[in-house]
Amino acid sequence: MNEDEAFEYVKGTLRSERITPYHPYEIEVVRSIEKCINCGLCINHCPVVAAVGIDRFSGPRSIAVELSRSPPEYWSTADIVYLCTGCGTCREVCPKNVDIPEVVNLIRARIFKHRPDLVPKGFYVVQEPLTEYNLAFQPWEDKEEKSESRDMRLEKLGLPYVQDRVLDKAEILFYPGCQAEERAQEVREAAKVILDYFDVDYTLLDEMSCCGLPARLMGDDQTARSLADRLKKKVKKMGIKKVVTTCAGCTSNLSDLSYYFDWGVPTVHILEFLAEDIGLQRFGEDMANSSRLSPVHVTVHDPCHLIRHTSRQIMDYALEILREIPNVRVTESEAYDSCCGGGGLVSYHSRDVADAVVKENIEAIQKTGAERLVTPCPLCTAQIENNLFKSGSSVEVDDLTVFIAQRLPKKG
Amino acid sequence: MSDSEFDVVVIGGGSTGTAVARDCAMRGLRTLLLERDDIASATVGTCAGMISSGLKYRNEPDIMELCSEEVVHFNHIARHIMMKIPILAPLLDLSDAASDSGYIDAYSEHAEEREVPAMMFLTPEATLEIEPMVHPDVIASVYYEEFFIDPFRLSLLQALDAINHGAKVHTYCEVIGFEKTGGEIQGVVFYNRITGTTETVRTKLVVNATGPWAHKLARMNDSKLDLRLNKGTHVILDRRVVNVGITARALDGRWVYLFPHENTTLLGTTALDTWEDPDRLVASFDEIEYLLQSIEAVIPSIRESRIIRTMAGIRPLVPDWKVSEDKVTRGYQIVDHENGMISFTGGKLVMCRHMAQDVTDLVCKKLGVKAICKTHEKPLPGNEDDVDVESLSVEYGISLHTLERMRARRGTDIVKILELTKEHPEWKTTICTCEPVIEAEIRYAIREEFPQTLNDLRRRLRLGTGPCQGTSCTYKAAAILSEELDLEGDDFLVDILDFKAERWKGIRPSMRGEQLAQEELAQGIYTCVGNLDQSDVDYDLKPWEEGA
Ligand SMILES: Cc1cc2nc3c(=O)[nH]c(=O)nc-3n(C[C@H](O)[C@H](O)[C@H](O)COP(=O)(O)OP(=O)(O)OC[C@H]3O[C@@H](n4cnc5c(N)ncnc54)[C@H](O)[C@@H]3O)c2cc1C
Ligand code: SF4
Ligand code: SF4
């Protein structure tokens, strides 16, 4: 056997022994998991354990000390690891900073490779468009209809339409993410309104493609990596300085990608952009001139992907921004930073679990007496909105980007 | 069968003794096994569990052939407790490659029988893809595959199978003398540590399978047996940190390895001629450093991985002197003292079945019994069939991983445990969170596998062997054991102290890094909360404990 044939043979054995070698960047995750001292602190903080009990979801501690120890056995964790929403609460409270959400991805990736039959069937709804269209959702068949839907949303929300801008070179890439590109189009439009209002030199992608987070969450590393590569190439070619997003998941995932794969370009959420690049002072001064400021009582939901996967600073900005908008009263919900259950693709296969998780939020939101909930993530928006509606609540939900755009003065 | 008359008494409940008892019982001999402590409580429990191709013994072709045959047999009789591990030997300079071609040919000779490929060379790129922790300057690597077994379960299953075939197995019974007439053994005298009584049984023959104690037992019988005792130490790392096994030349040119083992990684081993008492043995600083430095040459980041503990054992080698340890034959000798006792020297885990076959042939010949060996044909308990853990998980409502770990210990016998949960659904509770082990398995093991202590449960279930080293399971398991065995409060506490002391023995020598945080937590629970350090129970500190 020559060396190439030998390698092929070895790959065969690794496959039959269910071993997918750790990549160099995964070793960091493994090191982090090794730090677990089985103190059990995390269990009481995990929203999934709280919602469905330890018998259904054995929780972060078990992921660290039990389920993640032997790759050839990862397949046998399939009844548990798909129930983690990846909210990162465990990691935040852990005295050893054990990176549970990442090890969950690492395990899911191995199940995807070695036991695709154990991957929740619900994921294939996402996987198909991802591999076919580089998007997490089936794109609109009829572009006309898509525009009509967009216009209807804009009209309902009282937002102006700003033309799409696709430039060869620009300072900023505005990256709406799949949800805002295909479903919650108002978020994408609202961001454009804001960027346009502040005369930002920005561009959209010539053709939107997914950042790969959903692929990573379902364990399809290959697709995740090819999507990430695709995006990296585009970003590099455009020579932009910064990526601005409106989605919590995209913010954290693009930041991770940038760190692990040397993009050299930071990604920020539009809230950070407003606070740091536009400046709260300028924002506040302009807001003071707005005529579209009927009094409103809101409560806020913190997306996990921002506060725990990126930085709590972003939601501090969110509150500061809300403070700069006159006539907005904010009441904190008791569950303001509790996972909405929408993460980790859990709802794609175990809707009951996702909905059990969000229950805590729903109750706490009702208690605030606020008329609207705002949150800077289209996915959280959808998950909470659905469940508030189902519970018969009259609280309305706004994506925070939309909420801001609605209140900006007319560009003059 | 009479409880006091036997054809053969086997002394020692390690891999060798249990294999002998099984073979004797299967051939219809009235068999008694006496073990001073617990099954697999000594050398066999400190070994790597490699059912090796005999690669290291290339100068002994017959041993390599024997090893290969045994691999085939174990894959037949005990496949449920076996694992295959792919292994890389990364080469960092050409002289490594040149000097080792002998190994490659020797390994490959019997590869086909074992259903593994001949040794192969891999490019540096392939090597680093398979194991990114390998030194980036690697110039090539050699690839091969070996099999591993759970040495605790193997010994226990052999003992259980011996019982199934009519043998008696007594643990905690230490042989202290022999009754002899005309220089011939007529009876065996032992001290029963559970009842505190001295008992005698009559027997026609004695097989001395006491590993590194064999010379002492021979002396008790006024016979001389020479052994070359050789200490070996492993460092145990939390979880599987390498994708595949790694072997490398140590600082002194011997071979050392990093093997994924169950859900840990073993770094081993040292080989030091020793005259230490096997009961007081602990890993030394020098050994740990030797192992780390040796493997560091090929896995530079190894010290960043979490070391949970060490384990040290003594190889009872054949007494070849005036040569270095690795030149000593890895074969075994059967020594007939011609006075009713037959002893072993040498041997390996991989050979235990073969050693048993040879010695039982001799026993049968001496007793005039005609019976042939079937130990390589009949499966060990649990290996009768495949187990579908996925449907069992649905049927019994227990998580897949819990069942998969249980399956790896028990094969088809898993169902007996699951049946218990029908009447006692509360026994699905996880007791050891690291392995994991549920209450039903603990209760089953206590009832069916004759443990006396928490340490015995550990050997049967891997209880407390994970990263937390019994931090979270000890009290819970002790409560169950006390209830099942009706232990007094003091016994309960002493057992906890014994168990923690046994863990400490391995943890102490290598304690550093993340394990320090773990020990701090354990200390908090067991002394600050449990007040165990202030307990007034009658407990003698172990030789390796502070203040002893
Ligand atoms: C570090 C290390 C690594 C190894 N790795 C491997 C490997 O990977 N593969 C392999 O094939 N081999 C390996 N070996 C060798 C192998 O472990 C041993 O050769 C084998 O397990 C010895 O088993 P045993 O039953 O003979 O001895 P033991 O396991 O020591 O059993 C002897 C038993 O006799 C009992 N006993 C002693 N005195 C009395 C008495 N008076 N009355 C009653 N009972 C008594 C003891 O309590 C003990 O349980 C390794 C050895 C070491 C030390
Ligand atoms: S990431 Fe969230 S859902 Fe997952 S284990 Fe941690 S706390 Fe629980
Ligand atoms: S993951 Fe962290 S918080 Fe949870 S048991 Fe381990 S060390 Fe404790």
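What you are looking at is a predicted structure, and each value in this text was computed from that prediction instead of being measured. (Residues numbered from 1 in each chain as written. Chains lettered and ligands numbered in written order. Predicted model: local features only at pLDDT ≥ 70, side-chain atom pairs only at ≥ 80, totals over all residues. Heavy atoms only, no water.)

1. A short note on the side chain of Gln185(A)
Definition in use: Under the DSSP-based scheme used, a helix requires at least four consecutive residues in state H or I and a strand at least two consecutive residues in state E, with every element numbered from the N terminus. Residue contacts are defined here by distance: any two heavy atoms, one from each residue, within 4.5 Å place the two residues in contact.
Mapped onto the secondary structure, Gln185(A) falls in helix H11 (residues 185-197). Dropping the residues within four chain positions of it, Gln185(A) is found in contact with Trp140(A), Lys146(A), Ser149(A), Arg150(A), Arg153(A) and Ala180(A).

2. Concerning helix H17 (residues 313-324) of chain A
Owing to its 3.6 residues per turn, the α-helix brings residues three or four apart onto one side. Residues and elements named next belong to chain A. Here is the rule: Residue count minus one, scaled by 1.5 Å, sets the expected span of a helix. Burial classification: accessible surface area is computed with a 1.4 Å probe over protein chains only, and a residue below 20% of its type maximum counts as buried, one above 50% as exposed, and the rest as partly exposed. This arc is built from the directions going out from the helix axis to the C-beta atoms.
Taking 1.5 Å per residue as the helical rise, H17 with its 12 residues ought to reach 16 Å, and the 17 Å between its terminal C-alpha atoms agrees with that figure. Of all the positions in H17, only Ile314, Met315, Tyr317, Ala318, Ile321 and Leu322 are classed as buried. Down the axis of H17, the buried side of the element spans an arc of 145°, and every buried residue falls inside it.

3. Observations regarding the pairing of strand E6 (residues 140-149) of chain B
Side-chain positions along a regular strand alternate between the two faces of the sheet. Residues and elements named next belong to chain B. Let me state the cut-off plainly: One requirement defines pairing of two strands: DSSP has to find at least two bridges between them.
Across the 10 residues of E6, 10 count as buried, placing the element largely inside the fold. Side chains of E6 alternate between two faces, with Ala140, Val142, Tyr144, Glu146 and Phe148 and Ser141, Tyr143, Glu145, Phe147 and Ile149 buried alike. Judged from the two bridges that link them, strand E3 (residues 50-51) and E6 form a sheet pairing that is antiparallel. Counted as the bridge partner of Ile51 is Phe147 from E6.

4. A closer look at the domain arrangement of chain A
Residue and element names in this part refer to chain A. Spelled out, the test is: Here the limits of each domain have been adopted from an automatic or database domain assignment. Summed over both partners, buried area is the accessible surface (1.4 Å probe) that two parts give up on being assembled. Salt bridge criterion: a side-chain nitrogen from Lys or Arg within 4 Å of a carboxyl oxygen from Asp or Glu.
Along its sequence, chain A is carved into domain 1 (3-119), domain 2 (125-272) and domain 3 (278-406). The gap between the C-alpha centroids of domain 1 and domain 2 is 29 Å. Each partner contributes to the interface: domain 1 provides 10 residues, whereas domain 2 provides 12 residues. Together, Tyr25, Asn105 and Phe112 form the three largest contributors to the area buried by domain 1 at its contact with domain 2, with a combined 48%. At the surface where domain 1 touches domain 2, the tally comes to one salt bridge. Of the charged contacts in the structure, one is a salt bridge between Glu102 and Arg216, with a shortest N-O distance of 3.2 Å.

5. Brief notes about the side chain of Ser343(B)
All names here are of chain B. For clarity, the cut-off: As used in this structure description, the phrase polar contact means that two N or O atoms lie within 3.5 Å; if the pair is within protein, one of them must be able to donate a hydrogen and the other to accept it, and residues adjacent in sequence are counted only when both atoms belong to side chains.
Mapped onto the fold, Ser343 is located in strand E18 (residues 341-346). Side chain to side chain, Ser343 and Asn208 meet in a polar contact 3.0 Å long. With sequence-adjacent residues up to four places away left out, Ser343 is seen in contact with Asn208, Leu225, Gln333, Ile334, Val335 and His337.

6. With respect to the site of ligand 1
Residue and element names in this part refer to chain B. Test applied: Think of it this way: one heavy atom of a residue within 4 Å of a molecule or strand is enough to make that residue near it. Surface exposure here means Shrake-Rupley accessible area, sampled with a 1.4 Å probe, where a residue is shielded only by the protein chains that are shown. Gly is placed with the polar residues, together with every amino acid not listed as nonpolar (Ala, Val, Leu, Ile, Met, Phe, Trp, Tyr, Cys and Pro) or charged (Asp, Glu, Lys and Arg).
Taken together, 36 residues lie around ligand 1, and Thr16, Glu35, Thr43, Met50 and Val350 are the ones closest in. Separating an oxygen atom of ligand 1 from a side-chain N or O atom of Thr16 is a distance of 2.7 Å. Contact distances for ligand 1 include 3.3 Å between an oxygen atom and a backbone N or O atom of Gly347. Notes on ligand 1: free accessible area 1,000 Å², of which the protein chains cover 97%. Every element with two or more residues in the shell around ligand 1 is listed here: helix H1 (15-26), strand E8 (173-181), strand E11 (228-238) and strand E16 (307-317). Split into classes, the residues belonging to the shell around ligand 1 amount to 15 nonpolar, 16 polar and five charged. Both domains that meet at the shell around ligand 1, namely domain 1 (5-44 + 152-226 + 330-367) and domain 2 (84-146 + 228-313), each give it at least three residues.

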